[in-house]
Amino acid sequence: MGIFRRWLNGKKAVPIKKSSDLLYQPISRILDHNLVTLKGIFSHTPDLVTRQFQLRTGDDALLVYMEGLIDKSAINNNILNPLIYEIETVNDIWNSSITIAKTEIVTLWSDIEEAIFQGKSILLIDGQTRSLVLYTQGWPQRAIKEPQIESTLKGSHQGFVETSGQNIALIRRYLPNRELKIKEYSIGSRASTRVSMMYFEDIVQPDYVKEMEDRLLQIDVDAILNTGELAEFIEDHPISLFPQLIMTERPDAAASHILQGRIAVVVDHSPSVIIAPVTFSAFFQSVDDYSNRWIIASFLRLLRYLALITTISLSAVYIAIVSFHYEVLPLDLLVSIGESRAKVPFPPIVEAFLMEIALEMLREAGLRLPGPIGQTIGVVGGIVIGQAAVQAGIVSNIMVIIVAITAISSFIIPDYDMSSSLRFLRFPMMLMASLFGMIGIVIGLMIIGVHLISMESFGISYGSPIAPIRLSDWKDVWIRVPMWKMKKRPLSTDPTQLNRQGINRTGEEQP
């Protein structure tokens, strides 16, 4: 009430300046001036709460916070109650008499603005030129659930959420070690986003940490809203079709990569974590590989590489054989293909493009529709369209089978970004096959191979350990050998500490 009395007694109000002029000014000793400054900085902000009250000592105080970003029970029970009924002197406030987990003292309006938008509360006291920042964040949060994309049968069923603090805690549960280091950055000029870099200090190559830090600090953008936006700013080859960073929703997968000498980048507001540096073969490894028996895991790993070749080239091989090299087919199969294509008025390339584009449209429609409806549209739509197209003579039976096998192969790839890239590669490969036959397919595969070998991810060869060849890393590339055989960390990540096992069950000593 003291504030309003002084205003009603005719005291002049401080003219409201532009918010940009106020940010780097210190806090005033007069609470009235601070209230006017708040109105200047946070104009047209109806969800800003300025709660005025009187301390037990008789001093006027002002509590400022953003409604919806704070924990109301912490405000009432841990801040207001001690301030109004318990403190003896104003100095007790600065001596952590408030029962909040963390507090901080600031003196500039720029720090106050940043703290308020982060969900913290600000305590201003009349006669004081400093304010107390109270960590009272309590915004709406999603419960920890199983990841939607990276589902698993035998692994953990916990996935990342949209709060970086919880995501860091999930990783810490898997890696409770003092060598796990965290560096935090704030990116964005208009909306600041908290970005955290996690790594094992005694394993990761220091040059990679320095390179990642430099790339993060060079980002000058209004805001970073998700990991996909951040990845485009820090990857080595932004115009390449292949992803150079792994974005995972699984804390156990992130912990596994950190143990191998990689860096995890946690972005606030996003349920995905960026892993770097990575190689091409890392996109074909799954969490289930280390939960299943090693023989089964090796079979599945080989199946994924077969799916890689099938996804890229099966439709192109069909076009090349039908258009140029039909003599390589057995006579019975050639007659069957000829009968199925007898009523088709289009050349193989047009037929293939029609079916592939129709399949991509069905897949995209299934993703955008609600879950049960999307699955129904995907299955029923594929059957109905395929059958109707064959009966209408638009495509052949063989083409429908080829497209179906290609689609299934692309879904075997465990990483969504890599699967999307491989699906896109079908179209230029089909075009090369229609122009040059099998020679065009070979040329296309050679171009892809050269591109993969020439790429780098934070200084690491993207094609490693295949090119350059590192035979010791092949224990976890084409197949997965038993865990007790993988004594060393992958050389592809260039770790400073190679050994990850000591004497194991076989009695063999670490070389």
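Refer to the structure printed above.
Anyway, here's the lowdown on the structure attached to this text. (Residues numbered from 1 in each chain as written. Predicted model: local features only at pLDDT ≥ 70, side-chain atom pairs only at ≥ 80, totals over all residues. Heavy atoms only, no water.)

1. Thoughts on the overall build of the chain
(1) Moving on: Broken down by element type, the chain carries 17 helices and 12 strands.
(2) Moving on: Taking 2.2 N^0.38 as the reference for a compact globule, 511 residues should give roughly 24 Å; the C-alpha atoms of the chain span a radius of gyration of 30 Å, well beyond that estimate.
(3) Moving on: Counting over 511 residues, the chain shows a buried share of 45%.
(4) Moving on: Total accessible area computed for the chain in this model is approximately 25800 Å², and 60% of it derives from carbon and sulfur atoms.
(5) Moving on: For the chain, the separation between the mean place of its 46 positive charges and that of its 52 negative charges on side chains is 4 Å. (Helix = DSSP H or I, 4+ residues; strand = E, 2+ residues; numbered from the N terminus. Rg over C-alpha atoms; globule rule 2.2 N^0.38 Å. Buried < 20%, exposed > 50% of the residue type's maximum accessible area, 1.4 Å probe, protein only. Areas by Shrake-Rupley, 256 points an atom, 1.4 Å probe, with all protein chains shown as cover. Lys, Arg positive; Asp, Glu negative; His and termini not counted. Charge placed at Lys NZ, Arg CZ, Asp CG, Glu CD.)

2. Overview of the pairing of strand S1 (residues 48–54)
(1) Moving on: The pairing of S1 with strand S2 (residues 60–66) spans 7 bridges and is classified as antiparallel. Within S2, the position partnered with Gln54 by the bridge is Asp60.
(2) Moving on: Connecting S1 to the next strand, S2, in antiparallel fashion are 5 residues, including Gly58 with a positive phi near 100 degrees. (Pairing = 2+ DSSP bridges.)

3. Considering the packing of aromatic side chains
(1) Moving on: Applying the stated criterion across every chain yields a total of 9 aromatic pairs.
(2) Moving on: Taken together, a centroid distance of 6.1 Å and an interplanar angle of 65 degrees make the contact between Phe280 and Tyr462 edge-to-face. With Phe280 in the loop between strand S10 (273–276) and helix H11 (294–323) and Tyr462 in the segment after strand S12 (460–461), this pair connects stretches of sequence that are 182 residues apart.
(3) Moving on: Accessibility expressed as a relative area gives 10% for Phe280, which makes it buried. (Phe/Tyr/Trp six-rings, centres within 6.5 Å; stacked < 30°, edge-to-face > 60°.)

4. Observations concerning unusual backbone geometry
(1) Moving on: That bond from Ala276 to Pro277 is cis: its omega, -10 degrees, falls within 30 degrees of zero.
(2) Moving on: Relative to the helices and strands, Pro277 resides in the loop between S10 and H11.
(3) Moving on: Going from Ala467 to Pro468, the amide bond is cis rather than trans, its omega being 5 degrees.
(4) Moving on: Its location among the elements puts Pro468 in the segment after S12.
(5) Moving on: The backbone of Phe458 shows a phi angle near 55 degrees, a positive value even though the residue is not glycine.
(6) Moving on: Relative to the elements of secondary structure, Phe458 occurs in the loop between strand S11 (456–457) and S12.

5. Let's talk about a nonpolar patch on the surface
(1) Moving on: Judged by side-chain polarity, Leu431, Leu435, Phe436, Ile439, Ile443 and Ile447 come together as a nonpolar surface patch covering roughly 590 Å² of accessible area.
(2) Moving on: Mapped by element, the contributors of at least two residues to the nonpolar patch are helix H16 (416–436) and helix H17 (438–454). (Patch = residues over 30% accessible without salt bridge, like charges linked within 9 Å, V, L, I, M, F, W, Y side chains within 5 Å. Salt bridge = Lys/Arg side-chain N within 4 Å of Asp/Glu carboxyl O.)

6. Focus on the pattern of salt bridges
When charged atoms on two side chains of opposite charge get close, those side chains can pair.
(1) Moving on: Applying the stated criterion across every chain, the model contains 18 salt bridges.
(2) Moving on: Of the charged contacts, one joins Glu201 and Lys181 as a salt bridge, the two residues approaching to 3.9 Å between their closest N and O atoms. Of this pair, Glu201 sits in the loop between strand S7 (193–200) and helix H8 (206–217) while Lys181 sits in strand S6 (residues 180–187); the two residues are 20 residues apart in sequence, bridging distant segments of the chain.
(3) Moving on: Judged by relative accessible area, Lys181 falls into the partly exposed class, the value being 28%.
(4) Moving on: Of the charged contacts in the structure, one is a salt bridge between Arg423 and Glu360, with a shortest N-O distance of 3.5 Å.

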